[in-house]
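# Understanding the architecture of this molecule
Here is what each chain is made of, one letter per residue.
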Amino acid sequence: MKHGNPPSARTHIRPAYRWHRFTVVTAVLVLMMILLFIVSLSVGETFLDPLELTQTLFGSTTPYNQLMLNLRAPRILAALLAGCALGGAGAILQAIIRNPLASPDLLGISGGSSAAIVGLLLLFPNVSVHWHPPAALLGALVAAILIYGLAWRKGLSPTRLVLVGIAIGAMAAALTTFLLVASAPEVQSRAYVWLVGSVYGSDWPDVAAGLPWVLGFGLASWLFAQHIHILQFSDDVSAALGARLTPYRVIGFALCVGLTGGALALGGAIGFVGLLAPHIARMLVGTEFGKWFVTSALLGGIIVMVADTVGRTAFSPLDVPVGIFTSAVGAPFFIFLLLRGKRIEGRSGEHAAR
Amino acid sequence: MLLAENIQVGYGSKIVIQELNLTIAPGQITTFIGANGCGKSTLLRTLARLLKPTAGTVLLDGRDIFKRSTREVAKQLALLPQTPYAPPEVTVRQLVRLGRYPHGRWLGGWSDRDEQAVQEALAAMKLTDLADQPVDTLSGGQRQRAWIAMTLAQETDLLLLDEPTTYLDLSHQLDILDILRELNRRHHKTIVMVLHDLNLAARYSDVMVAVHQGTVYTQGKPEKVMTPETIRAIFDVECVVIPDPVAGTPLCIPIATRNHEVGEDAGRTQEPAQARHALELAR
Amino acid sequence: MNSVRTVNEGVLTNRLWGKVWILLLLFIGVLFSALFSVCEGLGNSSISAILAAALHPSGSQLGTVLQEVRIPRALIGVIVGACLGLSGVLLQTMTRNRLADVGIFGLNAGASFAVVLGISLFGMTSVSALTWMGLLGSLAAGACVYLMAVSAPGRASPTTITLAGAALTMLLSSLTHALLVLDQPMLSQVLFWISGSLAGRSMHALLVTLPFLAAGALIAVGMVRALALMEFEDDVAEGLGQRVLWMRLAAGLAVILLAGGCVALAGPVGFLGLMTPHLGRWLVGSSMPWLLSYSACLGALVLVWADVAARTVLQPSELPIGVLTALIGAPFLIHVARRGGIRS
């Protein structure tokens, strides 16, 4: 090591990160998020003046206070948080599976959460919302363990993981249906709203119940970013660089499960966000995981927030669940990606061909 | 100082390497040669601690490589696998920065020292101008240089490469091998690699190791290893060995495989067998 | 390599008469099961009384029950089971994915969506109208998946098709959920249908879908030889003079007709098409004519018994049959995944 350094270029050191692009993207996204938040607060059945709203945000009391703070704000925040969590979870999953088509909902992880929540609603209809996140988490965890365990055969093939995940998702859907059929009509309709993905009627306790999960797992993922980053390269490369593959993958998977569970507890099964957000983020900032994760989370939040606002206002008095919008936009996008094709297969580290 | 002590390696019940002892000479270029499936890649991966032997062990500086923290090992020993994969968006710089992973601190902070290592690796591989290109868009030779730069940023004394010239045309093969020799001569890296081309191996190596049936058949200077007897034993090929008119190293001119049938069938049986089977089924 | 290994490994492989006898046995088993399904729970009526009532239904209450409820139900069970068995073999063969199932490929979701749409937008109520909707929905969804898969030039690989189906399923089921959320009263009305059931299906619905099912089955039988080749890489099949594209097109059409008809009749019945080809392969290996006939018989057998169980286990309420088949199918899924029946 003492003599291992080539002598050239020792003199000039360029700035460490190419922060530039990432900084701009993040700043723009955060700004967008704030603006859209305010817009979102002001539109609705009664239009609220954004200016007065901003004043309210900074403390002065206006007549809008009640309406805004207790009806719209928690709902928008729930959408925002759920979206952020889904965007982050999607990025983690795409990184560890090395497949840009992976997402928590396509791979059945969300399906596990759905079954768990519907089960909870069926068995304990009056349970406090604070039990929703742990239940969703537990469901996601069981699904994830099943997927992981079943796809494991002397290592993980991303293709196998995708196919097993889809199958587990189908099983979880069957289980959910069973639970629905078995439950009373009012539970059915509550569960249905939840299954479509909706932040309808979210209030402060809902947000407070979901917030620690999303923030906690989000922060943990960000701290773990360098290890998730390295999992994107072929196994030999990362192992030779000193990464402990299996523990890191398990941790990454667990983080993804945690975020998914949190998101589902907040907003139900909002589809395709976990696919869409990481994809756009990847185009914006590349796959260096720390940056990718942050960008994807921001984008996810924005997407869900916008979708919910549109659903709430565009078809008034109908309140269209947010999951419908994200699916309607996400599915064609996914299919486009699929047809563009080049990147779907052969992206595993196992394949031999270049 | 890297050495394998009486190692036995296998996948499942299949034993690939048996009772193999090998010492890698520091400061030298060592090349493994051998037939397909003889265990040379397995040996390299075992030396790089990616495969754990079922018996025996690998010592790095006198300590068991499997009992040391894998990140500590990665500061001393770098490996370039045969067909490494990186996500398509990754740029050359990002790839090279990956080499700093074992040196990283807990939260992935980035020091001047890290940056310097990356810059030097890029410069040494003449990639500074291409640093912000995605690796996917580079030519085969450039891509291989980028991967080598990644291992350089690791700042290790030992560099292990699994067939670094596969898929490259002749000029790029020579280019990569010249770079490796340069790294060895000027920067005193110990290089261990697997090569398929016997003549290039003989030209560029200080030590050749002929691997046959999971163990070391013979090793030593190219002149000692590249003999008609060795080639016959490990490849089943009759050949004459003459001095390379350019480098003076031994040059192997093959005459014929000793067992013509076996030699020809080995590579090709797969598809016709499948097709035959399919035909039978359709009937 | 893998493809060679998976060929001919059934336990009955080398005994022609064994295969014939077992098939015959299965067939008789199907008949008896159907008979049992017809008679089960009809109280103390003797077999002869039931037979008499079935042959001369006029008037008696028993006769009406038999003709209107029991016989159609058993018949639909047999037909749907057999067709799902056939479509499972076709689908798994053409996608070379041992985890393929019509449910995963969006057909069920398409049918559910169409039925819910029919009820909520057009106020349809009659079973035959809904059957038509289900048929159209699954045909459209199947065609969509299929077009997506083939319009990616040269890339219609098994994984691609599977993923396309999964995405479509997600989209359609989200739309279905949406309609149901917006129209809550309808929910309890259709929930049972969209979870798969043989209850309340009429002979008329069967007659509506029968031509589609028959056409699908005919195509499947007609392309037995070509199917054997589909197990192999496209290059191998092309090399043997098989037109891979046409072969895929025909198999895809057959799957859509069969599965579409089934879902229109019985609602989404998952996992049956996943399960029976595996059972069949275990018995007779992948020799196509045998596999198709075994899979069809096994499908019918399993579905008829699942239906009997669905209506008896939780009496007086009835379980959706899709849930039951999913429960039976889960162990198979685990088995297949563990044995690594997926070629990537």
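Each chain has its residues counted from 1, following the order in which its sequence is written. The lettering of chains begins at A and the numbering of ligands begins at 1, in the order of writing. For this predicted model, a pLDDT threshold of at least 70 governs which residues receive local features, and a threshold of 80 or more governs which side-chain atom pairs are given and counted, while totals over whole chains, interfaces and linings are taken from all residues. Think of the side-chain values as coming from all heavy atoms in the structure, minus any hydrogens and water.

Looking up chain C in an unreviewed UniProt entry gives the name Iron complex transport system permease protein, with the organism given as Alicyclobacillus macrosporangiidus. Under Sequence similarities (unreviewed entry), UniProt gives the following word-for-word description of chain C: "Belongs to the binding-protein-dependent transport system permease family. FecCD subfamily." UniProt positions are given in the numbering used here, feature names are shortened, and annotations may be inferred rather than shown by experiment.

In the nomenclature of an unreviewed UniProt entry, chain A corresponds to Iron complex transport system permease protein from the organism Alicyclobacillus macrosporangiidus. Its UniProt record, at the heading Subcellular location (unreviewed entry), says of chain A: "Cell membrane". Under the heading Sequence similarities (unreviewed entry), UniProt records this for chain A: "Belongs to the binding-protein-dependent transport system permease family. FecCD subfamily."

### Regarding the overall build of chain C
The way it works is that DSSP assigns letters per residue, a run of H or I at least four long becomes a helix, a run of E at least two long becomes a strand, and they are numbered from the N terminus. A count of helices and strands for chain C gives 15 helices and 0 strands. Accessibility here uses a 1.4 Å probe with only protein chains present; expressed as a share of the type maximum, an area under 20% marks a residue as buried, one over 50% as exposed, and anything in between as partly exposed. Counting all 344 residues of chain C, 61% fall into the buried class. Contacts are assigned to residue pairs with any non-hydrogen atoms lying within 4.5 Å of each other. A separation threshold of at least 6 residues defines the contact pool for chain C, and within that pool the share at least 24 residues apart is 79%. Areas reported here follow the Shrake-Rupley algorithm with a probe of radius 1.4 Å; residue values treat only the protein chains shown as occluding. Carbon and sulfur atoms make up 71% of the accessible area of chain C, which amounts to about 13,300 Å² in all.

### Quick notes on the packing of helix α4 (residues 109–123) of chain A against helix α7 (residues 185–196) of chain A
Residues and elements named next belong to chain A. Helix axes are fitted to C-alpha atoms over the stretch in contact, other axes to C-alpha atoms as well, and angles between N-to-C directions run from 0 to 180 degrees. Following both chains from N to C, one finds α4 and α7 inclined at 155°, their axes separated by 10 Å at the closest point. Looking at the two axes, α4 sits roughly antiparallel to α7. Note that α4 runs across α7; the crossing there is right-handed. The segment α4 lies against α7, with Ser 113, Ser 114, Ile 117, Val 118, Leu 121 and Leu 122 engaging Val 187, Arg 190, Ala 191, Trp 194 and Leu 195. Each residue is assigned to one class: nonpolar for Ala, Val, Leu, Ile, Met, Phe, Trp, Tyr, Cys and Pro, charged for Asp, Glu, Lys and Arg, and polar for all the others, Gly among them. Grouping the constituent residues of the contact of α4 with α7 by class yields 8 nonpolar, 2 polar and 1 charged. Should an angle lie under 35 degrees it is considered roughly parallel, over 145 roughly antiparallel, and from 65 to 115 roughly perpendicular; all remaining angles are considered oblique. Throughout, a crossing is termed right-handed when the near helix is turned clockwise from the far one, and left-handed when it is turned anticlockwise from it by less than a right angle.

### Concerning the pattern of salt bridges
For salt bridges, the criterion is a side-chain nitrogen of Lys or Arg within 4 Å of an Asp or Glu carboxyl oxygen. Using the criterion set out here, one finds 20 salt bridges over all chains in the structure. Here Asp 236 of chain A and Arg 45 of chain B are joined by a salt bridge, their closest N and O atoms 2.4 Å apart. Residue Asp 236 of chain A is located in helix α10 (residues 235–240), and its partner Arg 45 of chain B is located in helix α1 (residues 40–47); the two belong to separate chains. Asp 236 of chain A sits in the partly exposed class, given a relative accessible area of 22%.

### Observations concerning the nonpolar core
Nonpolar cores were defined as sets of buried Ala, Val, Leu, Ile, Met, Phe, Trp, Tyr and Cys residues, with membership established by side-chain atoms within 4.5 Å. Counting 279 residues, the largest nonpolar core has Leu 22, Phe 32, Leu 47, Leu 95 and Leu 180 of chain B as the members making the most contacts within it. The element contributing the most residues to this core is helix α3 (residues 65–97) of chain A, with 17 residues. Boundaries of every domain are those given by an automatic assignment or by a domain database. In terms of domain composition, this core takes at least three residues from each of domain 1 (2–76 + 156–282) and domain 2 (87–155) of chain B. Once residues lying within four places of it in the same chain are set aside, the contact partners of Phe 32 of chain B are Leu 22, Ile 24, Lys 40, Leu 43, Leu 44, Leu 47, Val 192, Met 193, Val 194, Leu 195, Val 209 and Val 211 of chain B. Within the second largest apolar cluster, 8 residues are counted, among which are Leu 23, Leu 283, Cys 297 and Leu 298 of chain C.

### Overview of the environment of Thr 54 of chain B
Looking at where Thr 54 of chain B falls in the secondary structure, it is placed in the loop between α1 and β4 (55–60). For Thr 54 of chain B and Gln 82 of chain B, which are 28 residues apart along the polypeptide, the C-alpha to C-alpha distance reads 23 Å.

### Looking at the sheet that holds strand β1 (residues 2–11) of chain B
To summarise the sheet geometry, strands pair through backbone hydrogen bonds and adopt either a parallel or an antiparallel arrangement. Residue and element names in this part refer to chain B. DSSP bridges decide pairing: two strands pair if at least two such bridges lie between them. Strand order in the open sheet made by the 4 strands is β2-β1-β4-β5, with antiparallel pairing throughout. The open sheet has two edge strands with one neighbour each: β2 (14–24) and β5 (63–64). Both β4 and β5 contribute to a ladder of 2 bridges, which runs antiparallel. Within β5, the position partnered with Leu 60 by the bridge is Arg 63. Here α1 sits on the sheet and contacts β1, β2 and β4; the angle it forms with β1, its principal contact strand, is near 120°.

### Concerning the packing of aromatic side chains
A pair of aromatic rings is counted whenever rings of Phe, Tyr or Trp (Trp by its six-membered ring) have centres within 6.5 Å, and the orientation is called stacked for planes under 30 degrees apart, edge-to-face for over 60 and tilted otherwise. Applying the stated rule across the entire model yields 9 aromatic pairs over all chains. Ring centres 6.3 Å apart and planes at 65° place the aromatic pair Trp 290 of chain C and Tyr 294 of chain C in the edge-to-face group. A residue pair is termed a helical-turn pair when its members lie 3 or 4 positions apart in one helix, as Trp 290 of chain C and Tyr 294 of chain C do in helix α14 (residues 288–312) at 4 residues. For the residue pair Trp 290 of chain C and Tyr 294 of chain C, the accessibility class agrees, reading buried in each case. These aromatic residues form a ring-pair network of at least three members: Phe 289, Trp 292 and Phe 293 of chain A. We call a charge positioned above a ring when the Lys NZ or Arg CZ atom is no farther than 6 Å from the ring centre and deviates by at most 35 degrees from the ring normal. Between the NZ or CZ atom of Arg 71 of chain B and the centre of the ring of Tyr 101 of chain B, over which it lies, the distance is 4.5 Å.

### Some remarks on helix α12 (residues 273–285) of chain A
Residue and element names in this part refer to chain A. Given a rise of 1.5 Å per residue, 13 residues ought to cover 18 Å, and the 18 Å separating the end C-alpha atoms of α12 matches this to within 8%. Among the 13 residues of α12, 10 are classified as buried, and the element is accordingly described as predominantly covered. By the burial criterion, the buried members of α12 are Val 273, Gly 274, Leu 275, Leu 276, Ala 277, Pro 278, His 279, Ala 281, Arg 282 and Val 285. The positive-phi residue at the C-terminal boundary of α12 is Gly 286, with phi of around 80°. What a helix is expected to span follows from its residue count: subtract one and scale by 1.5 Å.

### Topic: helix α5 (residues 140–153) of chain B
With 14 residues, α5 of chain B should cover 20 Å at 1.5 Å per step; its first-to-last C-alpha distance of 20 Å lies within 8% of that length. Where α5 of chain B is concerned, the buried positions are Gly 141, Gln 144, Arg 145, Ala 146, Trp 147, Ile 148, Ala 149, Met 150, Thr 151, Leu 152 and Ala 153 of chain B. Looking at the buried positions of α5 of chain B, the neighbouring elements they touch are α10 of chain A together with β6 (77–80), α3 (92–98), α4 (112–124), β7 (158–162) and α6 (170–187) of chain B.

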